[in-house]
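One-letter residues, chain by chain:
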Amino acid sequence: MQDQDDIAEDAGAPPGHVYRQKPRPVGFEIIYRLEGDRLVADAGRRVDTVALSAVREVRLTFESKTAVRNVYRTTLRMADGRSLSLTNVNWGLSGAQTQNGDYSAFVRSLVAAVAAANPGVVIRCGRSYAAWLLLTAIGLMTVIGVAGFAYQAISEGAGTAALIGLAVLALAYWQLAPLVLRNRPRLATAGDLPADLLPPK
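Structure report, in brief. (Residues numbered from 1 in each chain as written. Predicted model: local features only at pLDDT ≥ 70, side-chain atom pairs only at ≥ 80, totals over all residues. Heavy atoms only, no water.)

**Comments concerning the pattern of salt bridges**
Okay, so step 1: Across all of its chains, the model carries 12 salt bridges by this definition.
Okay, so step 2: Within the structure, one salt-bridge network assembled from shared partners comprises E57, R59, R77 and R124. (Salt bridge = Lys/Arg side-chain N within 4 Å of Asp/Glu carboxyl O.)

**A word on the packing of aromatic side chains**
Okay, so step 1: Tallying each qualifying case throughout the model produces 5 aromatic pairs.
Okay, so step 2: With 6.0 Å between their ring centres and 65 degrees between their planes, Y19 and Y103 make a pair best called edge-to-face. Separated by 84 residues along the polypeptide, Y19 in strand β1 (residues 18-21) and Y103 in helix α2 (residues 100-117) bring together distant segments of the chain.
Okay, so step 3: According to the relative accessible area criterion, Y19 is buried, its value standing at 1%.
Okay, so step 4: Geometrically, the ring pair formed by F62 and Y72 is edge-to-face, given 5.3 Å between the ring centres and 70 degrees between the ring planes. (Phe/Tyr/Trp six-rings, centres within 6.5 Å; stacked < 30°, edge-to-face > 60°. Helix = DSSP H or I, 4+ residues; strand = E, 2+ residues; numbered from the N terminus. Buried < 20%, exposed > 50% of the residue type's maximum accessible area, 1.4 Å probe, protein only.)

**Let's talk about helix α3 (residues 129-155)**
Okay, so step 1: Its 27 residues place the ends of α3 38 Å apart at the C-alpha level, agreeing with the 39 Å of an ideal helix rising 1.5 Å per residue.
Okay, so step 2: Taken together, the buried positions of α3 are occupied by T136, G139, V146, A150 and A153.
Okay, so step 3: In this structure, the buried side of α3 is in contact with α4 (159-182). (Expected span 1.5 Å × (residues − 1). Contact = heavy atoms within 4.5 Å.)

**Examining the sheet that holds strand β5 (residues 55-63)**
Okay, so step 1: Pairing is mixed across the open sheet formed by 5 strands, whose spatial order is β7-β6-β5-β10-β11. At either margin of the open sheet sits one strand with a lone partner, and together these are β7 (83-87) and β11 (186-188). Ignoring which end each strand starts from, the neighbouring axes of this sheet average 25 degrees apart.
Okay, so step 2: Alignment of strand β10 (residues 122-125) against β11, held across 3 bridges, turns out to be antiparallel. Residue pairing across strands places R124 opposite L187, the latter belonging to β11.
Okay, so step 3: Against the sheet, α2 engages β5, β6 (71-78), β7 and β10, with an angle of about 20 degrees to β6.
Okay, so step 4: Against the sheet, α4 makes contact with β5, β6 and β11, and its axis sits at roughly 155 degrees relative to β5, the strand it touches most. (Pairing = 2+ DSSP bridges. Axes fitted to C-alpha atoms, helices over the stretch in contact; angles between N-to-C directions.)

Distances and angles like these do not, on their own, reveal function.
This is how it looks when you write it as structure tokens:
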């Protein structure tokens, strides 16, 4: 439960400057706060502070998990090799839930603060070129393979097998198309973050 000090502190913070997330089913809630030129990640027993000027790269990606299909992730990479990431998914008593509005507002504020502290920061969107090409190749091979199976079944008059193949083809496309399209490699600026890598409110 949120204590009174947290409530008071959150209420006094500018909109988009505090983000609360329990990233795993087992573990502690993490409270992210933008405090001037620092990002504070408070997990209760451990508090980490990141100087925003030390952030060399921000990466926005899209993922699909078993518990939640649409997972948006922001990863900060620091000059010393450390990294920190947060997503729009929060685990509670009823399972995994998305908190899209709060996540998008915080990420916009976070990226703007990082860019102000370090104008040379690189904002990358999607996967690296190598990872994206591999993902695209796997997706194409999967779709082509299933489509070939469905076509063969139709040619041989195997109606049930053809229907199963078409259903699997539709499911594969539904799962893979957003991963490939949203994760295409590109650069962005703090004032123009891509809408397909930030969840709608």
